[in-house]
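# Topology and contacts: notes
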Amino acid sequence: MAAELHVELVAADRNVWSGEATLVVARTTSGDIGVMPGHQPLLGVLESGPVTIRTSDGGTVIAAVHGGFISFADDKLSLLAEIAELADEIDAQRAERALERAKAATDASAERRAEVRLRAVAVR
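Because the structure is predicted, anything quoted here is derived from the model rather than measured. (Residues numbered from 1 in each chain as written. Predicted model: local features only at pLDDT ≥ 70, side-chain atom pairs only at ≥ 80, totals over all residues. Heavy atoms only, no water.)

## Notes on the overall build of the protein
A count of helices and strands for the protein gives two helices and seven strands. The C-alpha radius of gyration computed for the protein amounts to 15 Å, which stays within 12% of the reference 14 Å derived for 124 residues, consistent with globular compactness. When the backbone C-alpha atoms are referred to their principal axes, the protein occupies close to 50 × 25 × 25 Å. Excluding contacts between residues fewer than 6 apart, the proportion of contacts in the protein whose partners are at least 24 apart in sequence is 54%. In the protein, which carries 13 positive and 19 negative side-chain charges, the distance between the mean positions of the two groups comes to 6 Å. (Helix = DSSP H or I, 4+ residues; strand = E, 2+ residues; numbered from the N terminus. Rg over C-alpha atoms; globule rule 2.2 N^0.38 Å. Contact = heavy atoms within 4.5 Å. Lys, Arg positive; Asp, Glu negative; His and termini not counted. Charge placed at Lys NZ, Arg CZ, Asp CG, Glu CD.)

This is how it looks when you write it as structure tokens:
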């Protein structure tokens, strides 16, 4: 069993993060899943939620992911998201304002996006 896996987190508009990791936790339509080196091959649909990447150097990368797919085989994990943002890139005050606007407009999808962004910032 390998000691690490190669991770690619890609959004529709850019490569968000790439590197070596020991664990990735993501939310799928079947529930939260943790992927470590040597995991069985998988293909799943990502739900909106934070993705946690434990890097090989002991660090942690948190991203807000909004839909997409997760694929794992041969110690290579791909997270292909419609929208993905690293927690370090998220302006918490802006996300809070977006949440307030979404609630006022009763826009459930915008509300969900803002909540995911705020959860990702809170985890970092």
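## A word on unusual backbone geometry
In this model, Asp74 sits at a positive phi of 50°, which is unusual for a non-glycine residue. Along the chain, Asp74 falls in the loop between β6 (60-73) and β7 (76-86). Positive phi, normally seen in glycine, also occurs at Asp75, with a value near 60°. In this structure, Asp75 sits in the loop between β6 and β7.

## Brief notes about the pairing of strand β1 (residues 5-11)
Remember that side chains alternate between the two faces of the sheet whenever the strand is regular. Where burial is concerned, the two faces of β1 differ: the one with Leu5, Val7, Leu9 and Ala11 is buried and the one with His6, Glu8 and Val10 is not. As paired elements, β1 and strand β2 (residues 14-28) share seven bridges and run antiparallel to each other. Looking at β2, one finds that Ala11 is bridged to Arg14. Where β1 meets β7, six bridges bridge the pair, whose relative direction is parallel. In the strand pairing of β7, Leu9 is matched with Leu79. (Buried < 20%, exposed > 50% of the residue type's maximum accessible area, 1.4 Å probe, protein only. Pairing = 2+ DSSP bridges.)

## Observations concerning helix α2 (residues 108-123)
In this model, α2 (16 residues) spans 23 Å end to end at C-alpha, consistent with the 22 Å of a helix rising 1.5 Å per residue. Listed in full, the buried residues belonging to α2 are Ala110, Ala114, Val116, Arg117, Leu118, Ala120 and Val121. Among the structural elements, β5 (49-55), β6, β7 and α1 (92-104) are those in contact with the buried residues of α2. (Expected span 1.5 Å × (residues − 1).)

## Quick look at the pattern of salt bridges
In the structure shown here, the tally under the stated rule is three salt bridges. Residues Glu89 and Arg14 are paired through a salt bridge, measuring 2.6 Å at the closest nitrogen-oxygen approach. Placement of the pair is Glu89 in the loop between β7 and α1 and Arg14 in strand β2, with a sequence separation of 75 residues. Given the relative accessible area of 31%, Arg14 is considered partly exposed. Glu85 is paired through a salt bridge with Arg117; the nearest N and O atoms lie 2.8 Å apart. Here the residue Glu85 occupies a position in strand β7, and Arg117 occupies one in helix α2, the gap between them amounting to 32 residues. Judged by its relative accessible area of 18%, Glu85 is buried. (Salt bridge = Lys/Arg side-chain N within 4 Å of Asp/Glu carboxyl O.)

These results come straight from atomic positions and should not be treated as a statement about function.
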